[in-house]
Amino acid sequence: MFEHKSERDYNEKLKIKIEKLKKKREAIIIVHNYQRDEVQDIADITGDSLALSQAAVKTDARVIVFCGVHFMAESAAILNPDKTILLPAKEAGCPLADMITVEKLKALKEKHPGAPVVCYVNTSAAIKAESDICCTSSNAVNIVRSLRDDKKVIFVPDKNLGLYVQSQLPDKEIILWEGFCPTHIKVQEEHIRQAKTLHPDALVIAHPECNSEVLNMSDQITSTGGMIKYINSSDKKKFIIVTESGLFYKLKKDNPDKEFFLPTEQLICPNMKLTTLGWVYHALELMAYKVNVPADIARKAKVSLDRMLKVSGEPSGSAISGV
Ligand code: CIZ
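Residues numbered from 1 in each chain as written. Predicted model: local features only at pLDDT ≥ 70, side-chain atom pairs only at ≥ 80, totals over all residues. Heavy atoms only, no water.

1. Some words on helix α13 (residues 277-286)
Residues L277, V280, Y281, H282, A283 and L284 constitute the buried set of α13. Looking one or two residues past α13, M287 carries a phi angle of roughly 50°, positive in sign. (Buried < 20%, exposed > 50% of the residue type's maximum accessible area, 1.4 Å probe, protein only. Helix = DSSP H or I, 4+ residues; strand = E, 2+ residues; numbered from the N terminus.)

Printed below as a string of structure tokens:
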């Protein structure tokens, strides 16, 4: 493409080219907190799924380059039917999202007639279309709480997140699904014990996709967006971060005076790392890969995403009607 002396030089030149193409295409680049450092560098917005969905709704750009995984780009497409949504790394999927099918969800609904379905954002558009309301790790507890008239709630597909919601809302009966994030479940109690031994004065901040034993050993349980907010305003100096390692880049940038430790080097999501600057350049140059959702699925899935955004935009615990 062009001559370069080192990887750094290559990346810097690519960033300039991406910036030019981005203007030409009237595009915005939105980037999940788990993406590679150099991809986070070219972001107009970084965040968790909730923040990125909210940003996707607000932008007036014609093209959204979504640096994340497929279900995230799909959500952006559902919320923005008039915009072009590009997923630079075509193969970037989510094994958790693939752990439930529409047929299986329908069978679960039949077993629990009348129970509303809350689907984690890590699901396909088809599952969102079959659900009453969506949630992210930032707002899962508030979303389930908002279903005030329903004691029994079906929660798919992440069992650990569902168990965490159950622990916060003991008056609800949460029907769980056996899904899990293959990256977060790699963390075991022993990793936390070792990290605490090495860094006894560090706070443990864990993502709710981790198993209950790990969560029980943590000082804070929150989404990546929640971790950033908590750490940026904390006067503590050391943190054991129990989520995908991509978050370290922003944490370190925002808090040069603080120290961050991973409990295990295994906290790397291979799908999140598929997006490279080269693929972002390719996406903008060739307008690839376009993410489209069939209109009937998109219409129904939008209802569950819009309900979530409505509850999230309102004071915590606000009730929703019509579910
Ligand atoms: O909500 C998200 O974006 C996910 C999948 C994790 C997080 O907490 O950012």
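2. What to know about the site of the ligand
Around the ligand, the neighbouring residues are H32, Y34, D48, S49, Y120, N122, S137, H207, S223 and T224. Measuring from an oxygen atom of the ligand, one finds a side-chain N or O atom of S137 at 2.9 Å. Within the side chain of H207, an N or O atom sits 2.7 Å from an oxygen atom of the ligand. Here the ligand has 260 Å² of accessible area as a free molecule, and 98% of this is covered by the chains. (Near = heavy atom within 4 Å. Polar contact = N/O pair within 3.5 Å; in protein donor to acceptor, adjacent residues only side chain to side chain. Areas by Shrake-Rupley, 256 points an atom, 1.4 Å probe, with all protein chains shown as cover.)

3. Brief notes about the packing of aromatic side chains
Counted by the stated rule, this structure contains two aromatic pairs. Their ring planes at 20° and their centres at 5.8 Å tell us that F239 and F260 sit as a pair that is stacked. Pair noted here: F239 is in strand β11 (residues 238-242) and F260 is in strand β12 (residues 259-261), with a separation of 21 residues, a long-range link. Note on F260: relative accessible area 8%, which makes it buried. Relative to F260, the ring of F248 lies with its centre 6.3 Å away and its plane at 70°, an arrangement referred to as edge-to-face. Of this pair, F248 sits in helix α12 (residues 247-254) while F260 sits in strand β12, placing them 12 residues apart in sequence. For the pair F248 and F260, one class covers both residues: buried. An aromatic cluster is present here, built from F239, F248 and F260 joined pairwise through their rings. (Phe/Tyr/Trp six-rings, centres within 6.5 Å; stacked < 30°, edge-to-face > 60°.)

4. Focus on the nonpolar core
Among soluble globular proteins, nonpolar side chains are generally buried collectively. Counting residues in each nonpolar core, the largest one holds 80 residues, and the members touching the most others are F66, V118, F155, V156 and V242. In terms of residue count, helix α4 (residues 70-79) provides more of this core than any other element does, seven residues in total. Beyond its immediate sequence surroundings of up to four residues, V242 is in contact with H184, V187, I192, V204, I205, A206, H207, C210, V214, M227, P263 and L267. L14, I18, V31 and Y281 belong to the second largest nonpolar core, which has 17 residues in total. (Core = buried A, V, L, I, M, F, W, Y, C linked by side-chain atoms within 4.5 Å. Contact = heavy atoms within 4.5 Å.)

5. Section: the environment of C135
With respect to the element layout, C135 can be found in strand β6 (residues 133-135). Taking relative accessible area as the criterion, C135 reaches 0% and is therefore assigned buried. Taking the C-alpha atoms as reference, C135 lies 9.3 Å from R307; in sequence the two are 172 residues apart. Apart from the residues within four sequence positions on either side, C135 is in contact with V118, C119, Y120, V121, A140, I143, F155 and M308.

By themselves, these observations are geometric and do not establish any function.
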